[in-house]
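# Remarks on the overall topology
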Amino acid sequence: MEYILIFISAIFVNNIVLSQFLGICPFLGVSQKINTSLGMSAAVAFVMTLATIVTYLVQYYILNPLGIQYLQTIAFILVIAALVQMVEIILKKVSPALYQALGIFLPLITTNCAVLGVAILVIQKDYSLVQSIVYAFSTALGFGLALVVFAGIREQLAMMEIPKGMRGMAIVLVTAGLLSLAFLGFSGVDGGLKTLFGLG
């Protein structure tokens, strides 16, 4: 039940983009089309899960034993950047088709603060390795859900007649705000589930 709570909470209640406001750059920048949003979501899910596993191991098997926890942020940034580069090289050799599909999104993930945010959050929440993996994957799904829904709305907005003063980024930001308010409706769901399953 604990993993189900983490899963539901990460996707809906504490959505990384719409509730915690991490990963806003790709959310606004790569959400013009649903196809590109799906590609970005898949790439983020893969890298976020992998990065969380590696950074968790770095934290508990290198930083903590050496007493250099203050280097956490720098270490995690280096690990994520190296992972993205490594994934890019491996994909290019092993699966050129997948590399072509995700290639343009992979470099963007290095600067996606949601990946670093999740890596730090699992340490702050004192999760086990399995809980960290579930949380990272769930958060990536939440990121993908928000991105794809937002892209669908933007595709519809592109076909509408919008007042001159609201065109461009103005209507995009208003729409993002309304979507964030819609996800606010899920707040309290995790508390209700905890009570329901006697975990509160």
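These numbers were taken from a predicted model, which means no experiment stands behind them.

Bringing the overall build of the protein into the picture now. Per the secondary structure count, the protein includes ten helices and zero strands. The order of helices and strands in the protein, counted from the N terminus, is α-α-α-α-α-α-α-α-α-α. If one aligns the C-alpha atoms of the protein with their principal axes, the spans along those axes are about 60 × 50 × 30 Å. Split into buried and exposed, the 200 residues of the protein put 44% on the buried side. Considering only residue pairs separated by 6 or more positions, the protein has 77% of its internal contacts joining residues 24 or more positions apart. Counting every atom, the protein has about 10400 Å² of accessible surface; 71% of that belongs to carbon and sulfur. Mean positive and mean negative side-chain charge positions of the protein (8 and 6 charges, respectively) differ by 11 Å.

A word on the packing of helix α1 (residues 2–13) against helix α8 (residues 129–158). To describe two helices that pack against each other, one gives the angle between their axes and the distance between the axes. Between α1 and α8, the least distance of the axes is 7 Å, while the angle of their chain directions is 30°. When the axis of α1 is compared with that of α8, the two are roughly parallel. Both α1 and α8 take part in a crossing whose hand is right-handed. Across the interface between the two elements, Glu-2, Tyr-3, Ile-6, Phe-7, Ala-10, Ile-11 and Phe-12 from α1 touch Val-130, Gln-131, Val-134, Tyr-135, Ser-138, Thr-139, Leu-141, Gly-142 and Leu-145 from α8. Classifying every residue of the contact of α1 with α8 gives eleven nonpolar, four polar and one charged.

Below, the discussion takes up the packing of aromatic side chains. A full pass over the atoms with the stated rule returns five aromatic pairs. Consider the rings of Tyr-56 and Tyr-60, whose centres lie 4.7 Å apart with planes at 45°: the pair is tilted. On the criterion of helical spacing, the pair formed by Tyr-56 and Tyr-60 is a turn pair, its members being four residues apart in helix α3 (residues 34–66). Here Phe-183 and Phe-186 contribute two aromatic rings whose centre-to-centre distance is 5.6 Å and whose plane-to-plane angle is 65°, an arrangement assigned as edge-to-face. With a relative accessible area of 31%, Phe-186 lands in the partly exposed category.

What counts, and where the lines are drawn
Residues numbered from 1 in each chain as written. Predicted model: local features only at pLDDT ≥ 70, side-chain atom pairs only at ≥ 80, totals over all residues. Heavy atoms only, no water. Helix = DSSP H or I, 4+ residues; strand = E, 2+ residues; numbered from the N terminus. Buried < 20%, exposed > 50% of the residue type's maximum accessible area, 1.4 Å probe, protein only. Contact = heavy atoms within 4.5 Å. Areas by Shrake-Rupley, 256 points an atom, 1.4 Å probe, with all protein chains shown as cover. Lys, Arg positive; Asp, Glu negative; His and termini not counted. Charge placed at Lys NZ, Arg CZ, Asp CG, Glu CD. Axes fitted to C-alpha atoms, helices over the stretch in contact; angles between N-to-C directions. Parallel < 35°, antiparallel > 145°, perpendicular 65-115°, else oblique. Left-handed = near helix turned anticlockwise from the far one by under 90°. Nonpolar A, V, L, I, M, F, W, Y, C, P; charged D, E, K, R; others polar. Phe/Tyr/Trp six-rings, centres within 6.5 Å; stacked < 30°, edge-to-face > 60°.

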